[in-house]
Amino acid sequence: MAAVRADTADVVVVGLGPGGEEAAGRLAEAGLDVVAVDEGLVGGECPYYGCIPSKIMVRSADLLAEGRRITGHAGTAMVHPDWRPVARTVREATADWDDKIAVDRLVGRGVRFLRGTGRLTAREEVTVADADGNETVVHARQAVVLAVGSEPAVPPIPGLARTPYWTSRDAIRVDEAPRSLLVLGGGSIGLELGQAFCRFGTAVTVVEGTQRLLPREEPEAHELLLKVLTEDGIEVHTSARVESVDYQEGTGFTLYGERGDRLVAARLLVATGRRSDLAKLGALAIEVDDEAPALPVDERLRVVPPASGRPGIWALGDVTGKGAYTHMSMYQADVVVRGILGEGGPPAAYHAVPRVTFTEPEIGAVGLTEREARERGLVVRTGLADLAASARGLTQQIGNDGFVKLVADMLSGVLVGGTAAGPYGGEVLGALSVAVHARVPLSVLRGQIWAYPTFHRAIGDALGQIG
Ligand SMILES: Cc1cc2nc3c(=O)[nH]c(=O)nc-3n(C[C@H](O)[C@H](O)[C@H](O)COP(=O)(O)OP(=O)(O)OC[C@H]3O[C@@H](n4cnc5c(N)ncnc54)[C@H](O)[C@@H]3O)c2cc1C
Ligand SMILES: NC(=O)c1ccc[n+]([C@@H]2O[C@H](COP(=O)([O-])OP(=O)(O)OC[C@H]3O[C@@H](n4cnc5c(N)ncnc54)[C@H](O)[C@@H]3O)[C@@H](O)[C@H]2O)c1
């Protein structure tokens, strides 16, 4: 028979992705009694199904692409793709999807770990149900931290739910690259995984609902990716509306478009965004709409501030809706820990959120796009520099497509956004992130010496256009 147990802790952390694990560990190291709960793998999406395995796949695929570039530029090379080493490296990096090391690390920091699903049953109470139906009702004396992350969001397209479609979690675990793959959604997941499989010989078709790939980024990023991905052999459909989906043994998946058009492939990857399940978390217990896309938080990441001896409720990571990135979850964890420990320090600020899509070319961006800056009524000037035409582009010879785009607010005289797209775009982004984060005056940036011949030197060229 299932049992019910009562427990008390200073802090209860629900969800142990990158930020939840970090917050639980630091709070325990600071001397608090911390109970931390996860129903899945400690470490969350990033190490087991997200950043790490997907970037292993991307790196292997990029090696193939580089190998194919040898002929004509440095001799001759025959490249024979083989997915088996990729699957092996992913399995090693995830310890075959086993979190023993992560649990030991957490417990070693002084955290009490409970495996189970946590649900708010009152403001200061989290009820944890394990796989056998046993419940532990944990009363929080000081704080509850909600860090439940997100899961793949699957659109309600007729027929789709009945098919054996993949989400990113399935695609990460494959033992061989599929013969052909339809990718629904031209965002980061769809493009990173789509390009990786393509380079291993999969016939890939990307189907994006809006007019552009990576629709939240600069339109120039779409133009660049469309060119490069098409050259890679990927078929890209934008402004595509899928009316229904069918799956037949043998034929595979068929997507039916609104104009009677059909796309067929052996596999279908649904990469149409992510959602957080606030109903499962019991958000109504803290009077939050459980159909909302994210938990509402203030600048200290509080959903409910502590008041008159009652604990506060904090949130961090994907569930806050501020940007579904591991670095965001870790950044917010720091703000939450300082808040709970009463250490003060700066509140969360989002004017310089960096993000990188690890396609080749990498699309690194920070802060506002040109359109977002204009919508905010800023006095916008932009600069755009082409990488292929630069000295480094010349020496690179091949695989040199890319650009740097800067977005400046001429009233405050600082950069409010920037995109570094191209080889090592995510690394070039570092310089732009510092400039946007620290609000470095344009006059100071213009006086900077940019090393020759680097890709980041294009930042100086783009600055020159802003005037
Ligand atoms: C394919 C892919 C590639 C990605 N690549 C990158 C990248 O390159 N760079 C980057 O910055 N980001 C990347 N991301 C995003 C990144 O993985 C997430 O933003 C990050 O993991 C979010 O961290 P989190 O702390 O919010 O929680 P998550 O990592 O989502 O973890 C949440 C945890 O909470 C647990 N949980 C959920 N509900 C409950 C509950 N009710 N009770 C108990 N436990 C619960 C889950 O089991 C999970 O362990 C990628 C994501 C995917 C899917
Ligand atoms: N490198 C990284 O940092 C990285 C990599 C992968 C994922 N992530 C994180 O994970 C999140 C989720 O990734 P994602 O790619 O699933 O989401 P996304 O929101 O980035 O992209 C989803 C895409 O699917 C499209 N779409 C939605 N519904 C559709 C439909 N019915 N038909 C066709 N297209 C449709 C959207 O217009 C969008 O372009 C990202 O937003 C990002 O925060 C980060």
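Here the structure is a predicted model, which is why all the values come from computation and not from measurement.

Some thoughts on the overall build of the protein
Broken down by element type, the protein carries 15 helices and 22 strands. Taking 2.2 N^0.38 as the reference for a compact globule, 467 residues should give roughly 23 Å; the C-alpha atoms of the protein span a radius of gyration of 24 Å, in line with that estimate. Principal-axis analysis of the C-alpha atoms places the extent of the protein at approximately 70 × 65 × 45 Å. When the 467 residues of the protein are sorted by exposure, 46% land in the buried category. If you take every contact in the protein between residues at least 6 apart in sequence, the share linking residues at least 24 apart comes to 66%.

Let's talk about helix α10 (residues 326-340)
The first and last C-alpha atoms of α10 sit 21 Å apart over 15 residues, in line with the 21 Å expected at 1.5 Å per residue. Turning to α10, its buried residues number three or more, namely Met328, Ser329, Gln332, Ala333, Val335, Val336, Val337, Gly339 and Ile340. Glycine 342 occupies a position one or two residues after α10 and carries a positive phi of about 65°.

Looking at the site of ligand 1
If you check the shell around ligand 1, you find 38 residues, and the closest are Gly17, Gly40, Gly44, Gly149 and Gly317. Of all elements in the fold, only α1 (18-29), β2 (34-38), α2 (45-48), α3 (51-68), β4 (117-122), α9 (278-281) and α10 reach the threshold of two or more residues within the shell around ligand 1. Residue classes in the shell around ligand 1 are distributed as 15 nonpolar, 17 polar and six charged.

Some details on the site of ligand 2
Near ligand 2 lie 25 residues; those nearest to it are Gly185, Gly187, Ile189, Gly209 and Ala324. Elements represented by at least two residues in the shell around ligand 2 include exactly α7 (188-199) and β18 (354-357). Looking at the shell around ligand 2, the element that brings in the most residues is α7, giving four residues. Here the shell around ligand 2 is composed, by residue class, of 11 nonpolar, 10 polar and four charged. Counting residues domain by domain, the shell around ligand 2 receives three or more from each of domain 2 (160-272) and domain 3 (354-466).

Remarks on the domain arrangement of the protein
It is common to give the size of an interface as the accessible area lost on bringing the parts into contact. What the domain assignment reports for the protein is domain 1 (4-43 + 99-150 + 276-341), domain 2 (160-272) and domain 3 (354-466). Averaged C-alpha coordinates put domain 2 and domain 3 at centres separated by 29 Å. Taken together, the contact between domain 2 and domain 3 spans 13 residues of the former and 16 residues of the latter. Of all the elements in the fold, those that place two or more residues in the side of domain 2 that touches domain 3 are α7 and α8 (219-232). Broken down by element, the side of domain 2 that touches domain 3 gets its largest block of residues, six residues, from α8. Residue composition of the side of domain 2 that touches domain 3, grouped by class: six nonpolar, two polar and five charged.

Some remarks on the UniProt feature "domain: Pyridine nucleotide-disulphide oxidoreductase dimerisation" (unreviewed entry) in the protein
Taking the UniProt record as the reference, the feature "domain: Pyridine nucleotide-disulphide oxidoreductase dimerisation" (unreviewed entry) is found at residues 353-462. Between the C-alpha atoms that bound residues 353-462 the distance is 21 Å, and the span itself is 32% helix and 30% strand.

Observations regarding the sheet that holds β18
Spatially, β18-β19-β22-β21-β20 is the arrangement adopted by the five strands of the open sheet, whose pairing is antiparallel. Either end of the sheet is taken by a strand with one partner, and the two such strands are β18 and β20 (380-386). With direction set aside, neighbouring strand axes in the sheet form an average angle of 10°. With seven bridges connecting them, strand β21 (residues 403-409) and strand β22 (residues 414-422) associate as antiparallel partners. From the neighbouring strand, aspartate 409 faces β22, where its bridge partner is valine 414.

So, the packing of α3 against α7
α7 packs onto α3 with a crossing angle of 40° between their chain directions and a minimal axis gap of 8 Å. On the basis of their axis angle, the class for α3 and α7 is oblique. For the pair α3 and α7, the sense of crossing is left-handed. Residues Ser54, Met57, Val58, Ala61, Leu64 and Ala65 of α3 form the contact with α7, whose own contacting residues are Glu192, Leu193, Gln195, Ala196 and Arg199. Within the contact of α3 with α7, the residues separate by chemical class into seven nonpolar, two polar and two charged.

Remarks on the packing of α3 against helix α4 (residues 84-93)
Orientation of α3 relative to α4, taken along the N-to-C sense of each, is 155°, at an axis distance of 9 Å. Relative to α4, the element α3 lies roughly antiparallel. Seen along the crossing, α3 lies across α4 with a hand that is right-handed. Residues Ile52, Pro53, Ile56, Met57 and Ser60 of α3 lie in contact with α4, whose contacting residues are Val86, Thr89, Val90 and Ala93. Residues that form the contact of α3 with α4 fall into these classes: seven nonpolar, two polar and no charged.

Some thoughts on the sheet that holds strand β13 (residues 262-265)
Judged by pairing direction, the sheet is antiparallel, and its three strands sit side by side in the order β11-β12-β13 without closing on themselves. Each having just a single partner strand, β11 (242-248) and β13 make up the two edges of the open sheet. Averaged over all adjacent pairs, the angle separating strand axes in this sheet is 15°, with direction ignored. With four bridges connecting them, strand β12 (residues 252-257) and β13 associate as antiparallel partners. Along β13, the bridge assignment pairs tyrosine 256 with arginine 262.

Considering the environment of glutamate 208
With respect to the element layout, glutamate 208 can be found in the loop between β9 (203-207) and α8. Expressed as a C-alpha distance, the spacing of glutamate 208 and glutamine 248, which sit 40 residues apart in the sequence, is 23 Å. Glutamate 208 has contacts with Gly185, Gly186, Leu213, His237, Thr238 and Ala240, leaving out every residue within four places of it along the chain.

Scoring rules and cut-offs
- Residues numbered from 1 in each chain as written.
- Chains lettered and ligands numbered in written order.
- Predicted model: local features only at pLDDT ≥ 70, side-chain atom pairs only at ≥ 80, totals over all residues.
- Helix = DSSP H or I, 4+ residues; strand = E, 2+ residues; numbered from the N terminus.
- Rg over C-alpha atoms; globule rule 2.2 N^0.38 Å.
- Buried ≥ 20, exposed ≤ 12 C-beta atoms within 10 Å, placed from the backbone.
- Contact = placed C-beta atoms within 7 Å.
- Expected span 1.5 Å × (residues − 1).
- Near = placed C-beta within 6 Å.
- Nonpolar A, V, L, I, M, F, W, Y, C, P; charged D, E, K, R; others polar.
- Domains from an automatic or database assignment.
- UniProt positions renumbered as here; feature names shortened; annotations may be inferred.
- Pairing = 2+ DSSP bridges.
- Axes fitted to C-alpha atoms, helices over the stretch in contact; angles between N-to-C directions.
- Parallel < 35°, antiparallel > 145°, perpendicular 65-115°, else oblique.
- Left-handed = near helix turned anticlockwise from the far one by under 90°.

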